[in-house]
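A structural walkthrough
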Amino acid sequence: MRILIVDDEPMMHDSYRRSFAPVEHAQAGSLSAMAAELFGDDDGAGDDAEATGNGAASDPSPAMFDCVHCTQGIDAVAEVERARGEDKPFAVAFIDVRMPPGIDGKETARRIRALDPDVNIVIVTGYSDFSPVEISKVAGPADKIFYIAKPFEVAEIVQTATALGQRWAADRALKEAREQLSRQVVLLEQQAAELAANEVKAIHIATHDALTEAPNRLAFLRALSERARQPGRFAVAMIDLDRFKLVNDTLGHLAGDELIREICAILHHAMPTGGLVARLGGDEFGLLFETAGEQAAEMACTRVVHACAVELKVLGHAVQTAASAGVVTAGEGDNRDPIDLIRRADLALNAAKRNGRGVARLFDESMDEGVRVRRRIETGLSQAIARDELALVYQPIVAHGTFEIVGFEALLRWQTPEYGPISPATFIPIAEESNLIHELGDWVLEHSLDVLESWPGQYVSVNFSPRQFRRHNFVGYIMERCQRAGVAPSRLQIEITETAIFDDADRAAETLYRLRQMGFRIALDDFGTGYSSLYNIRKFALDALKIDRSFIDGMARERESAAIVRSIVHLAQSLGLSVIAEGVENAAQVDLLRVAGASHLQGYHFARPLVEAAAREMAHARYVQVEPATGTDG
């Protein structure tokens, strides 16, 4: 510990030297105990003495003091400046008040304080030239100014030096800790800002078309789903360019891209006020706008089609453009399912193209053979269980890296005697709308739980539709089924879609929390295609996110798909969730998903959906044998 002594009397310097001269160890220990008792330091002086970095022993013996003596204030100021420059600052400065003929103690203290704000100053005087208040004003703060009257006792001066030295060391350590904390706070704020910026960028990439910067199909579906939940009549239109392929084939893809950008700008300009224009892919655009009725919607689309019938200069070439449109409206009592609205608008668009192109057509039921098919499926589905036409197949879910089978997804199949196999993508939505979904769901859950008895430990993953998830006492229903089958909750993974949880987010959050508390696994299926954002998904109790197969399929070809997959994986990792990539069909995709960080994989590359006996055999084998990914294309 470095101490500065400033006094013009040689005898006082002798007193200081005697006070700080080495003494017996026992006496030094006594001084340490006195200082600890005086200043309330239960840990003793030794630890703080070591904190000064001067190499002192654990006991604060006088040998630890490194004293510098000055007889004039101006010399003391120079010593302080030198000490600061050499990074050997003084912990304590003992200053006499009267030091003729140079500057007095008050001015000396003021200048020292200006150079070193951390030093503890002790005014040592037998006179009252200046009041403590006066000195504190120029050399404060007050808690770093102390006073000792002459003549002083040895113990008094040593205790003061020891205690103030310890305090000085503690103050420096505290200051350094605060500075380090401040730097960490700044760093964390920078990282948070960078993460927020990356999230915004990822969301923009995921929801916008790279060529036109217009909303893409995903954003259009989200906007349409949101609008369908609100009152009032609205219209959905599909528009594509006539003979666009000819432009690509004759002028090249760069010209085609430029034409798409030009048409997108025209659509924005001709669109009804407040409407949405989205590029759905290729030369196809989607429109969403408010309308008073069917005729008003058809007239609005006719104006848009006429706006597209212009001659444009594309990379120096004159191109005559034209477009066709199909439109459907949805009122309060109409079917407002987003997918079905797009399907019907597409049917109207096809009718417009068949009728000579360059026109807008309004959808009517005669265009929809699917309505009749729907009725036949609904009738047959109501009897499928009784006729024993349903079956389950199981597709393995493997851990990335080891390819160990951790579970199987149960998939429903329907084989009809009249029409053969019917795709779940066809009959599940019909079951959902007709309320047959509960009967089907009960059958699927019962048979899925039964197979677990023959598996060595894997879980079964069962899909639940939004209507099933919203049924009364869903949690109790699931638990009762598991107890009846004698299955531990941890062996059942509940797969739900984003639609199921975001229709009523608060209720969904409570339901998921209760399921997780009971031990069930929760996976969010088809993540990235529904309504959720990268931000608000964190409020739900989940175990895994399942990346939709459309993104996996596009990873090797589309920058946007790869960016979406990486964003989903990073989001899941930050939330402590696993990621199951669906639709993995080749080794190249396995490589890309390994780089992205996906934890689990599922798809034809590992196995097609298996009947119960084959799934049981694979479950006991525990591992999937696949071709190595090294050297694959893509």
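What comes next concerns the included structure. (Residues numbered from 1 in each chain as written. Predicted model: local features only at pLDDT ≥ 70, side-chain atom pairs only at ≥ 80, totals over all residues. Heavy atoms only, no water.)

1. So, the overall build of the chain
On a plain count of helices and strands, the chain comes out with 23 helices and 21 strands. When burial is assessed residue by residue, the chain has 48% of its 634 residues classed as buried. (Helix = DSSP H or I, 4+ residues; strand = E, 2+ residues; numbered from the N terminus. Buried < 20%, exposed > 50% of the residue type's maximum accessible area, 1.4 Å probe, protein only.)

2. Things to note about the environment of Ser-434
With respect to the helices and strands, the residue Ser-434 is situated in helix α14 (residues 424–434). Distance from Ser-434 to Ser-382, taken between C-alpha atoms, is 9.5 Å for residues 52 residues apart in sequence.

3. Regarding the sheet that holds strand β11 (residues 323–330)
Read from one edge to the other, the open sheet built from five strands follows the order β7-β8-β6-β11-β12, with strand pairing classed as mixed. In the strand order of this sheet, the two ends are held by β7 (276–281) and β12 (360–362), each with one partner. Between one strand and the next, the sheet's axes are offset by a mean angle of 20 degrees, whatever the strand orientation. Sheet topology places β11 next to β12; three bridges connect them, and they run parallel. When the bridges of β12 are listed, Ala-325 appears paired with Ala-360. The strands that helix α11 (residues 294–308) touches are β6 (234–241), β8 (284–290), β11 and β12; relative to β11, the one it contacts most, it runs at about 160 degrees. (Pairing = 2+ DSSP bridges. Axes fitted to C-alpha atoms, helices over the stretch in contact; angles between N-to-C directions. Contact = heavy atoms within 4.5 Å.)

4. Focus on helix α4 (residues 73–85)
For α4, spanning 13 residues, the distance from its first C-alpha to its last is 19 Å, which sits close to the expected 18 Å at 1.5 Å a residue. Here the buried face of α4 lies against β1 (2–6), β2 (66–70) and α5 (105–115). (Expected span 1.5 Å × (residues − 1).)

5. Quick look at α14
For α14, the full list of buried residues reads Phe-427, Ile-430, Ala-431 and Glu-432. The distance from a side-chain oxygen at the start of α14 to the backbone nitrogen of Ala-425 is 3.1 Å, and the residue carrying that oxygen is Ser-423. Among the residues trailing α14, Asn-435 stands out with phi positive, at a value near 75 degrees. (Polar contact = N/O pair within 3.5 Å; in protein donor to acceptor, adjacent residues only side chain to side chain.)

6. Re the side chain of Ser-19
Its location among the elements puts Ser-19 in helix α1 (residues 10–19). A polar atom in the side chain of Ser-19 sits 2.9 Å from the backbone oxygen of Ser-15. With residues up to four places along the chain from it excluded, the contact list for Ser-19 reads Phe-152, Val-154, Ile-157 and Val-158.

7. What to know about the sheet that holds β1
Strand order in the open sheet formed by five strands is β2-β1-β3-β4-β5, and the pairing between neighbours is parallel. Edge positions in the open sheet fall to β2 and β5 (145–149), since each of these has one partner strand only. Taking the axes of each pair of neighbouring strands and ignoring which way they run, one obtains an average angle of 20 degrees across the sheet. Two strands pair when backbone bridges link them, and strand β4 (residues 120–125) and β5 are joined in this way by five bridges, in the parallel orientation. Considered in β5, the bridge of Thr-125 is made with Ala-149. The sheet strands contacting α1 are β1, β2, β3 (92–96) and β4, and the helix crosses β2 at an angle near 180 degrees.

8. Examining unusual backbone geometry
For the peptide bond that leads from Pro-100 to Pro-101, omega is 5 degrees, which places it in the cis range. Along the chain, Pro-101 turns up in the loop between β3 and α5. The peptide bond linking Gly-140 to Pro-141 adopts the cis configuration, its omega dihedral lying at 15 degrees. Along the chain, Pro-141 falls in the loop between α6 (132–139) and β5. Despite not being glycine, Glu-213 shows a phi value in the positive range, around 65 degrees.

9. Focus: the pattern of salt bridges
Considering all chains together, one arrives at 39 salt bridges under this definition. The shortest N-O distance in the salt bridge between Arg-227 and Glu-290 comes to 2.7 Å. Pair noted here: Arg-227 is in helix α8 (residues 217–228) and Glu-290 is in strand β8, with a separation of 63 residues, a long-range link. Exposure remark for Arg-227: the relative accessible area of 8% places this residue in the buried category. The closest approach of N and O atoms between Glu-409 and Lys-546, which form a salt bridge, is 3.1 Å. Of this pair, Glu-409 sits in strand β14 (residues 405–416) while Lys-546 is found in strand β19 (residues 544–547), placing the two residues 137 residues apart along the sequence. Relative accessible area serves as the criterion here: at 4%, Glu-409 is assigned to the buried category. Of the residues examined, Lys-546 reaches a relative accessible area of 0% and is grouped as buried. (Salt bridge = Lys/Arg side-chain N within 4 Å of Asp/Glu carboxyl O.)

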